[in-house]
Amino acid sequence: MSRASRAVLGLSVVLTAGTVIGVHLRQQQDRQRLRNGVVRDIERQNRKKENIRLLEEQIVLTKHFEAERDRVLLANGSQKTN
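Note that this is a predicted model, so its numbers are computed, not measured.

1. Things to note about the overall build of the chain
Next up, step 1: Each helix and strand in the chain was counted, giving one helix and zero strands.
Next up, step 2: For a compact globule of 82 residues, the expected C-alpha radius of gyration is about 12 Å, and the chain comes in at 35 Å, more than 25% above that figure.
Next up, step 3: With respect to the principal axes defined by its C-alpha atoms, the chain has extents near 120 × 15 × 5 Å.
Next up, step 4: Residues classed as buried in the chain amount to 1% of the 82 residues present.
Next up, step 5: Total accessible area on the chain is roughly 7700 Å²; 61% of this is exposed by carbon and sulfur atoms.
Next up, step 6: Mean positive and mean negative side-chain charge positions of the chain (16 and 9 charges, respectively) differ by 16 Å.

Structure follows, in structure tokens:
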């Protein structure tokens, strides 16, 4: 086997191994990015549920506050007329 053919063979082996390793690393990165996307989606859904719960709680508190305010205003109004 000539020196040139050995060099070409060696270069081919190195390039092939580099390509295989590169593709493997890229696949690992893609899988990790997909997993991270799922985790972010779950966190976003949990934050949304928490925000909705807080909004509903705020709505209830606002209704109670308005009812109490109206009750106090009516009580003050009836005292002034007496």
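From this point, the discussion proceeds with the structure in view.
2. What about the pattern of salt bridges?
Next up, step 1: This model, assessed by the stated rule, comprises seven salt bridges.
Next up, step 2: Among the ionic pairs, Asp-30 bridges to Arg-33, the shortest N-O distance being 3.1 Å. In this pair, Asp-30 and Arg-33 both sit in helix α1 (residues 3-81), three residues apart, roughly one turn of the helix.
Next up, step 3: Between Asp-41 and Arg-44 there is a salt bridge whose closest N-O contact spans 3.2 Å. Taken together, the residues Asp-41 and Arg-44, both in helix α1 and three residues apart, mark about one turn of the helix.

The rules we used
- Residues numbered from 1 in each chain as written.
- Predicted model: local features only at pLDDT ≥ 70, side-chain atom pairs only at ≥ 80, totals over all residues.
- Heavy atoms only, no water.
- Helix = DSSP H or I, 4+ residues; strand = E, 2+ residues; numbered from the N terminus.
- Rg over C-alpha atoms; globule rule 2.2 N^0.38 Å.
- Buried < 20%, exposed > 50% of the residue type's maximum accessible area, 1.4 Å probe, protein only.
- Areas by Shrake-Rupley, 256 points an atom, 1.4 Å probe, with all protein chains shown as cover.
- Lys, Arg positive; Asp, Glu negative; His and termini not counted.
- Charge placed at Lys NZ, Arg CZ, Asp CG, Glu CD.
- Salt bridge = Lys/Arg side-chain N within 4 Å of Asp/Glu carboxyl O.

Note that all results are geometric; they support no functional claim without further evidence.
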